[in-house]
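Architecture and fold: a report
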4 protein chains.
Amino acid sequence: MQVSIACTDHNLKRGNGDHSKQSTTSPNVVNQARAKFRTVAIIARSFGSFTPRHISLKESTGKHTGMKYRNLGKSGLRVSCLGLEQLMTIAYESGVNLFDTAEVYAGGRWVRSSLVITTKLYWGGKAETERGLSRKHIIEGLKGSLQRLQMEYVDVVFANRPDSNTPMEEIVRAMTYVINQGMVMYWGTSRWTAMEIMEAYSVARQFNLIPPVCEQAEYHLFQREKVEVQLPELYHKIGVGAMTWSPLACGIITGKYENGIPEASRASMKSYQWLKEKIVSEDGRKQQAKLKELNHIAEKLGCTLPQLAVAWCLRNEGVSSVLLGTSNPDQLTENLGAIQILPKMTSHVVSDIDHILGNRPCTKKDYRS
Amino acid sequence: MQVSIACTDHNLKRGNGDHSKQSTTSPNVVNQARAKFRTVAIIARSFGSFTPRHISLKESTGKHTGMKYRNLGKSGLRVSCLGLEQLMTIAYESGVNLFDTAEVYAGGRWVRSSLVITTKLYWGGKAETERGLSRKHIIEGLKGSLQRLQMEYVDVVFANRPDSNTPMEEIVRAMTYVINQGMVMYWGTSRWTAMEIMEAYSVARQFNLIPPVCEQAEYHLFQREKVEVQLPELYHKIGVGAMTWSPLACGIITGKYENGIPEASRASMKSYQWLKEKIVSEDGRKQQAKLKELNHIAEKLGCTLPQLAVAWCLRNEGVSSVLLGTSNPDQLTENLGAIQILPKMTSHVVSDIDHILGNRPCTKKDYRS
Amino acid sequence: MQVSIACTDHNLKRGNGDHSKQSTTSPNVVNQARAKFRTVAIIARSFGSFTPRHISLKESTGKHTGMKYRNLGKSGLRVSCLGLEQLMTIAYESGVNLFDTAEVYAGGRWVRSSLVITTKLYWGGKAETERGLSRKHIIEGLKGSLQRLQMEYVDVVFANRPDSNTPMEEIVRAMTYVINQGMVMYWGTSRWTAMEIMEAYSVARQFNLIPPVCEQAEYHLFQREKVEVQLPELYHKIGVGAMTWSPLACGIITGKYENGIPEASRASMKSYQWLKEKIVSEDGRKQQAKLKELNHIAEKLGCTLPQLAVAWCLRNEGVSSVLLGTSNPDQLTENLGAIQILPKMTSHVVSDIDHILGNRPCTKKDYRS
Amino acid sequence: MQVSIACTDHNLKRGNGDHSKQSTTSPNVVNQARAKFRTVAIIARSFGSFTPRHISLKESTGKHTGMKYRNLGKSGLRVSCLGLEQLMTIAYESGVNLFDTAEVYAGGRWVRSSLVITTKLYWGGKAETERGLSRKHIIEGLKGSLQRLQMEYVDVVFANRPDSNTPMEEIVRAMTYVINQGMVMYWGTSRWTAMEIMEAYSVARQFNLIPPVCEQAEYHLFQREKVEVQLPELYHKIGVGAMTWSPLACGIITGKYENGIPEASRASMKSYQWLKEKIVSEDGRKQQAKLKELNHIAEKLGCTLPQLAVAWCLRNEGVSSVLLGTSNPDQLTENLGAIQILPKMTSHVVSDIDHILGNRPCTKKDYRS
């Protein structure tokens, strides 16, 4: 299970207050986990209160923070353009379970209503019945998430990777079922091709079921094609939006690999052997050279390289939300600062970055002309 | 009510541990029944841990046991290729009720999600409203099963025998209803003809309802036509799979009737008069002669005749699961050993068996040429 | 092309009169061909005029002739229970083309309205585009038939043999198209399995297209399974009826092969080698023995063996029409006489015949009990 | 208007005979144009008679020629794997109009039924109403084609380039309309993206309209991605097939640009300035180097470079038909010779070619692993 939270600043103040009332009952481990969570909450809160300008604005902006709120695809769900990934998972895996989610939930429904909580259905687990996107696994998997989270519903459930062994009709019917049962508000996909998403849409239309609203995709300076070319077409045609992950390319864009693989970095871990290989490859070294150049731009804009990288993702208005993967409070604060850099991402700056990267994909329009 | 369980090995160990905690509260009869169940659980557990090879494999294999996991028809539900039939029914009829099913369930949701539990709707009961597959009986019958099982849902409900007195539209609408209510994940048929299943499918397509995923059919060395000729065409056309029962032909294939009807055998019981007649008939004696020859093959492969018979069923990859009917722990262990014999079912061996049986059905292809 | 005609006696007199008016304009070859046709027409006419008894009768009877009129499947089209096959084809292949069909048609719409003309789409021709039941071939094939026949429409077009290389949706859409264009009134199948017909029906229901009304199948004393077991279920479920051909089993039931293969018989021809082999096989000799016994029954009833065989087909009320294949006027007259024998096909006689044949198929009902 | 013909050899002889009868009435220009056409017809005829091997073969082969016949996508329409493009257009633009198409048609319906004639709807014309794929333009455009061709229908109409200014629903409704009017048998797309085709399919399923059967795409040694990666997925999901054009890459693969741009070549023409630039670019020179290497392979196989290039396209069994663009009789004869080379395209040869080209696209499977 992986749970993502996209914070909104609406009512967070009151929500946080409720949290503290309950903290006396929490054991030690939980306190540590909550510490992380609280950091986030405090940061989020410090952004200031949100002032809606006009109800029909496609994008609206937090008053003091510059945080942007965008619709998830063509759905009506409004999400902050920066979201948190894995934080709750990390807490959960440290032993926090009921408590932690109760904390989020304890504030009552009005807190819940200002939070967008998503979950993802992974498959390929040990149990045979948890392999794939069968109706059973979709329903059981989501029930399991809700039980662990002690929540009545999540906002979006993502089907991670397509499953060619389950008929698309079964998948879409099951997603429609969990929505109609109130277990989830919307459903999305993760790592699906545009054509697979179109197939899901097509089946939904054929049988009058509910189509997906969003695709989760990798998106950063060195991986652009899908989010910049394919997903916009999907958005235009069927309203499916983009939520992106890995804005720092698994840490590559932090600059920490500039001079090789430091000890204690992710790439030095055994299970990240593939990352190490990528970094030390010829392509990897070219990337590091480009990052140096990008660092100059960041300096000129008065921000760090990661902030530039996140702001660069955010400049793409087709992206509903950029998921931040860090669990380190300092890094999180740094990343969130990207919001302030966003106004500086002028077409001139973006064009300079494109020039350095040399990987701006041809959009369909270019291609045809 | 008859309940079938297709075990998966995921977490069965933990599940079993939970069982023992509860055993202090169980009465004597229950203990006997549970003894049986525990045997099964222990056997199941001994299969070892499952190692996925490739995520898109149609069939996957348990590491130490060779147990195969297959999709149920074209649905996404993965079932072990051997399933247990009647065990829970036997326990239930011995007085076990709440307890026995709670035992399966006790481990919590994560255990449930790794078990595939099916139930069957029998009809023709005394009460007039229990006669047939009316909407009322489908809903009431399934509710009754769930209540007796103390389960929130079963995975597959089978409609036993078609009911020509209820319009197919009513049957398919009721099945769609119980699925949409969360009482069951999929529905299937049992002892329906291919044409009746096509009719159900046709009605489902006409009214945008949910079609069946599976037919339960008799299948053993002496009964091949339906599973080998008709159901493959159904699978190809509409994705309906096959789950089979009676792999030992009501005990005929155990060899125990080789020299007549022993006392204390099923065929010596009054209610099995028809079985006795079948065995002592001319056809019955011819079958016994063939079984002697098959026994030679079994000896060469280093297995028993029942193991050969079960492995022979499993060699048919169109069969999602073979239900084992025995409730005798020793026989069950023996039957489960068929998995080890499966790799020895080479085309040469299968061809030898066909030669002895002399009943290989013409497939459609043969028929047309 | 093969065209079948099911005569009705309604207005045939007047129709025939019109024919003779035009005969002065016909060339010699045509006259010969017409001679055959006229023979049929005269015989048909001699049956006397048809007297409808009650409009809702499932089966009605010609007053003097005993000719039965039955609905084609559950459609509203009423056809004589005996139909002619190949006659027009033979004429056409002897060089008759425009003229012969004009003769049928010349009488005007009122004659046409009393005739049921069917055609069959064969495929597997030399031209690649004529291979299979593509939309192109269905439309072109039927247009070709109509042009050759100089008819505005035929009553039923049969798709001969299923075509697994063309999607069923394409076949059913094309059939619906030719019906909606007025080129044909109904469509049927020929040599399709029950399951293939169900699939066509299912597709028709899913996409709101027109389902088939009739299957053409082989049916005679030695081939019973499909027409007596499978098609009744289809009729019951989806209203598809049966039109049968080869009531004399390619001449086997005439008795002429009783003492081997006479010269000048069909089985002595090179292209009928398979028929010869069938006749001289062990099964073939058993059949001849049974035919001798059946001949005794025929004698008792005061008819010939072929008449008995045709009447036996007609006794099956699930058969809408039995197509007679002969083009020999005397044999045709003989075969048509079966109508008079029909009332003598009592359950006692039918049971005697079953006893001799020993091939009465288990109906589903028997099987289940 | 551009018309493509996929010849079948059935009855072409007779068709050709009819042509000569009419030639006395044709003006000079027409004779020249017909000369071209006749060449084709003669070549086509020389393919010899077709011998069906097995009725259910997915691909069938002409007896003497090795010409392959394949289904157009998953439709039932069978087309020769080589088709002619532009020939009729050239004739038409030389002043031939009624006559030329009548010539094809003159043999009567039986000739028409053995020819597959396609047309393409271009848009972007001067008249405002001819801009785009509006219902008005689809219907008027097709009517115009039929009138110019003096044909009752064409087999496939292709919508050239998608039109983002017309709602997809309108396009699919209009295509369904012209099919239901009998003006065309199937519809396809040309230069549409996979996603646009999925959208058309999706709309067809939503509103029970007729989906497209085929996409026309550029495909040659230097352009592989779409036909080898995207269209196979489309075929698998929704049955849409591929018809390809430009097998010689606008003449680049003939080898004639090996030493620069010869006078009188297409690339020396003003309107082909873009082609010239492509050839003399760095990429263009790399391509010429690769062509030299490929020429060695061609020599080993005993064929010319263009023959190798066409055979290479044909080796892809996902391609229903490769359209040949040449109008030069000698070149056409040469290109048609590719059929004889096809059996020599072993996996070894194909792998050698891949090695030289260095552009084998990753299939989805590769991508995911």
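Residues numbered from 1 in each chain as written. Chains lettered and ligands numbered in written order. Predicted model: local features only at pLDDT ≥ 70, side-chain atom pairs only at ≥ 80, totals over all residues. Heavy atoms only, no water.

**Here's the deal with the overall build of chain A**
We apply this condition: Secondary structure elements are taken from DSSP: a helix is a run of H or I of four residues or more, a strand is a run of E of two residues or more, and numbering for both begins at the N terminus. Each residue's exposure class comes from its accessible area (1.4 Å probe, protein chains only) as a fraction of the maximum for that residue type: buried when under 20%, exposed when over 50%, partly exposed otherwise. Contacts: residue pairs with any heavy atoms within 4.5 Å of one another. All accessible areas in this document rest on Shrake-Rupley with a 1.4 Å probe, and a residue is counted as covered only by the protein chains that are shown.
Summing up its helical and strand segments, chain A has 16 helices and eleven strands in all. The buried share among the 369 residues of chain A stands at 59%. The contacts in chain A between residues at least 6 apart in sequence include a share of 73% that link residues at least 24 apart. Summing over all exposed atoms, chain A offers an accessible surface of approximately 15600 Å²; the carbon and sulfur share of this is 51%.

**Thoughts on the packing of aromatic side chains**
For the record, the criterion: Aromatic rings from Phe, Tyr and Trp, with only the six-membered ring used for Trp, were paired whenever their centres fell within 6.5 Å, and each pair was classed as stacked if the ring planes differed by under 30 degrees, edge-to-face if by over 60, and tilted otherwise. Ring-over charges, as used throughout, are those where CZ of Arg or NZ of Lys falls within 6 Å of the ring centre and within 35 degrees of the ring normal.
Using the criterion set out here, one finds twelve aromatic pairs over all chains in the structure. Ring centres of Y272 of chain C and W274 of chain C lie 6.1 Å apart, and the angle between their planes is 40°; this geometry places the pair in the tilted category. We classify Y272 of chain C as partly exposed; its relative accessible area is 23%. Residue classification places W274 of chain C among the partly exposed positions, given a relative accessible area of 44%. Positioned above the aromatic ring of F207 of chain C is the side chain of R173 of chain C, whose terminal nitrogen or guanidinium carbon lies 5.3 Å from the ring centre. Here the guanidinium or amino end of K74 of chain D rests over the ring plane of Y235 of chain D, the centre of that ring lying 5.0 Å away.

**A few points about the relation of the copies chain C and chain B**
To keep it simple, the criterion reads: Least-squares superposition aligns the copies on the C-alpha atoms of those residues with pLDDT at or above 70 in both.
Superposition of chain C onto chain B requires a rotation of 177° combined with a translation of 0.0 Å along the rotation axis, giving an RMSD of 0.1 Å. Those values place the two copies in the arrangement expected of a two-fold rotation axis.

**Let's talk about the nonpolar core**
For the record, the criterion: Think of a nonpolar core as a cluster: buried Ala, Val, Leu, Ile, Met, Phe, Trp, Tyr and Cys residues, connected wherever their side-chain atoms sit within 4.5 Å.
L82, M345 and I353 of chain B together with L82, L294 and I353 of chain C are the most contacted members of the largest nonpolar core, which totals 189 residues. Leave out the neighbours within four places in its chain, and L82 of chain B touches M67, V310, L314, S321, V322, L324, N335, L336 and I339 of chain B. One finds M67, C81 and A267 of chain A together with M168 of chain D within the second-largest nonpolar core, a separate group that totals 188 residues.

**Comments concerning the interface of chain B and chain A**
Note on interface size: it is often stated as the accessible area lost on association of the parts. Let me state the cut-off plainly: Two parts lose some accessible area (1.4 Å probe) when they are put together, and adding that loss for both gives the buried area. In the sections that follow, a salt bridge refers to a side-chain nitrogen of Lys or Arg positioned within 4 Å of a carboxyl oxygen of Asp or Glu. Polar contact is the term for a pair of N or O atoms within 3.5 Å; when the atoms are in protein, one must be able to donate a hydrogen and the other to accept it, and sequence-neighboring residues count only if both atoms are side-chain atoms. Each residue gets one label: Ala, Val, Leu, Ile, Met, Phe, Trp, Tyr, Cys and Pro are nonpolar, Asp, Glu, Lys and Arg are charged, and the others, such as Gly, are polar.
Opposite the 37 residues of chain B that make contact, chain A presents 26 residues. Together chain B and chain A conceal approximately 2700 Å² of surface at their shared face, both sides included; 49% is due to carbon and sulfur atoms. Joining chain B to chain A, the criterion identifies three salt bridges. E152 of chain B is paired through a salt bridge with K143 of chain A; the nearest N and O atoms lie 3.0 Å apart. Applying the counting rule to chain B against chain A returns 14 residue pairs in polar contact (both at pLDDT 80 or more). Those elements that place two or more of their residues in the side of chain B that touches chain A are β3 (68–71), α5 (109–112), α7 (168–180) and β8 (184–190) of chain B. Looking at the side of chain B that touches chain A, its residues break down into 15 nonpolar, 14 polar and eight charged.

**Remarks on the pattern of salt bridges**
As enumerated under the stated definition, the model contains 50 salt bridges over all chains in all. Between D155 of chain B and K136 of chain A there is a salt bridge whose closest N-O contact spans 2.5 Å. Note that D155 of chain B is positioned in strand β7 (residues 154–160) and K136 of chain A in helix α6 (residues 135–149), a pairing that runs across two chains. Considered together, D155 of chain B and K136 of chain A belong to a single accessibility category, that of buried residues. Members of the salt-bridge network, linked through shared partners, are R224, E228, R315, D354 and R360 of chain A.

**What to know about the relation of the copies chain B and chain A**
Mapping chain B onto chain A calls for a screw motion: a turn of 91° about the axis and a shift of 0.8 Å along it, with 0.1 Å RMSD after fitting. In short, the pair behaves as if placed about a four-fold rotation axis. Taken as a fraction of all interface residues of chain B, those also at the interface in chain A reach only 5%, which identifies the copy contact as different-surface.

**What about the interface of chain C and chain B?**
Residue-level contacts link 19 residues of chain C with 21 residues of chain B. Counting each side, the surface lost to burial between chain C and chain B is near 1800 Å², with a carbon and sulfur contribution of 57%. The interface formed by chain C and chain B holds two salt bridges in total. Here E199 of chain B and K237 of chain C are joined by a salt bridge, their closest N and O atoms 2.8 Å apart. At the boundary of chain C and chain B, one finds three residue pairs in polar contact (both at pLDDT 80 or more).

**A few points about the side chain of S145 of chain A**
Of note, S145 of chain A is situated in helix α6. Separated by 3.4 Å, the side chains of S145 of chain A and T119 of chain A make a polar contact.

**Observations concerning the sheet that holds strand β3 (residues 68–71) of chain A**
Hydrogen bonds between backbone atoms are what pair the strands of a sheet, whose relative direction is either parallel or antiparallel. Residues and elements named next belong to chain A. Heads up, the condition is: Strand pairing is assigned whenever DSSP detects at least two bridges linking the two strands. Helix axes use the C-alpha atoms of the stretch in contact, all axes being lines fitted to C-alpha atoms, and the angles between their N-to-C directions lie in the range 0 to 180 degrees.
Pairing is antiparallel in the open sheet, where three strands are placed in the order β2-β3-β4. In the strand order of this sheet, the two ends are held by β2 (59–61) and β4 (78–80), each with one partner. For this sheet the average axis-to-axis angle between neighbouring strands, irrespective of direction, equals 30°. Here β3 pairs with β4 via three bridges, running antiparallel. The residue bridging R70 from the neighbouring strand is V79, located in β4.

**Digging into the packing of helix α8 (residues 194–207) of chain B against helix α9 (residues 225–238) of chain C**
Keep this limit in mind: For classification, angles of less than 35 degrees are called roughly parallel, those exceeding 145 degrees roughly antiparallel, those between 65 and 115 degrees roughly perpendicular, and all remaining angles oblique. In this scheme the crossing of two helices becomes right-handed for a clockwise turn of the near helix relative to the far one and left-handed for an anticlockwise turn of less than a right angle.
The contact between α8 of chain B and α9 of chain C brings their axes to 11 Å, and the two run at 20°. The pairing of α8 of chain B with α9 of chain C is recorded here as roughly parallel in orientation. Once α8 of chain B is placed against α9 of chain C, the crossing between them reads as right-handed. Across from M195, E196 and E199 of chain B in α8 of chain B, the residues of α9 of chain C making contact are Q230, E233, L234 and K237 of chain C. The residue makeup of the contact of α8 of chain B with α9 of chain C, split by class, is two nonpolar, one polar and four charged.

**Re the side chain of T61 of chain B**
All names here are of chain B. The topology assignment puts T61 in strand β2 (residues 60–61). On the basis of relative accessibility, which here comes to 14%, the residue T61 falls in the buried class. Polar contacts involving the side chain of T61 include one to the side chain of K68, which spans 3.4 Å.

**Some details on the environment of A194 of chain A**
Within the secondary structure layout, A194 of chain A lies in helix α8 (residues 194–206). The exposure class of A194 of chain A is buried, given its relative accessible area of 6%. Between the C-alpha atom of A194 of chain A and that of T118 of chain A, which follows or precedes it by 76 residues, the distance is 21 Å. If near-sequence neighbours (up to four positions away) are discounted, A194 of chain A is found in contact with Q230 and L234 of chain A together with M195 of chain D.

**Section: the state of the cysteines**
Convention followed: Count a disulfide wherever a pair of cysteine sulfur atoms falls within 2.5 Å.
This structure, assessed with the given rule, holds zero disulfides over all chains. Considering cysteine sulfurs only, C313 of chain C is the nearest to C250 of chain C, which forms no disulfide, with 13 Å between them. Cysteine C362 of chain C shares no disulfide, and the gap to the nearest cysteine sulfur, in C362 of chain B, comes to 19 Å. The exposure class of C362 of chain C is exposed, given its relative accessible area of 52%.

**A few points about the sheet that holds β3 of chain B**
Taken in spatial order, the three strands of this open sheet run β2-β3-β4 (chain B), and their pairing is antiparallel. This sheet does not close on itself; its edge strands, each paired only once, are β2 and β4 (78–80) of chain B.

**Topic: the pairing of strand β10 (residues 241–245) of chain D**
Residue and element names in this part refer to chain D. Let me state the cut-off plainly: Classification remark: right-handed applies to a crossover when, strands pointing away from the viewer, the course from the first strand over the helix to the second runs clockwise.
Of all five residues in β10, five are buried, a share of seventy percent or more. Because side chains alternate across β10, one face comprises the buried residues G241, M243 and W245, and the other comprises A242 and T244, equally buried. For strand β9 (residues 214–218) and β10, the ladder comprises five bridges, and the chain directions are parallel. By the bridge assignment, E218 is partnered in β10 with W245. Traced from β9 through helix α9 (residues 225–238) to β10, the parallel crossover comes out right-handed. Sheet topology places β10 next to strand β11 (residues 319–324); three bridges connect them, and they run parallel. Bridge pairing links T244 to V322 in β11.

**Examining the confidence of the model for chain A**
Residues and elements named next belong to chain A. To keep things clear, this is the line we draw: How sure the predictor is of each residue is captured by pLDDT, a score from 0 to 100.
Looking at chain A as a whole, the pLDDT averages 78, with 73% of positions reaching at least 70. The secondary structure element of chain A with the lowest average pLDDT is helix α2 (residues 28–46), at 33, and the one with the highest is helix α7 (residues 168–180), at 97. Predicted confidence for residues 97–110 stays below pLDDT 50, and this span has 36 contacts to residues more than four positions away or in other chains. The low-confidence segment residues 365–369, where pLDDT is below 50, has seven contacts with residues more than four positions distant or belonging to other chains. Reported confidences for the modelled complex are a pTM of 0.80 and an ipTM of 0.77.

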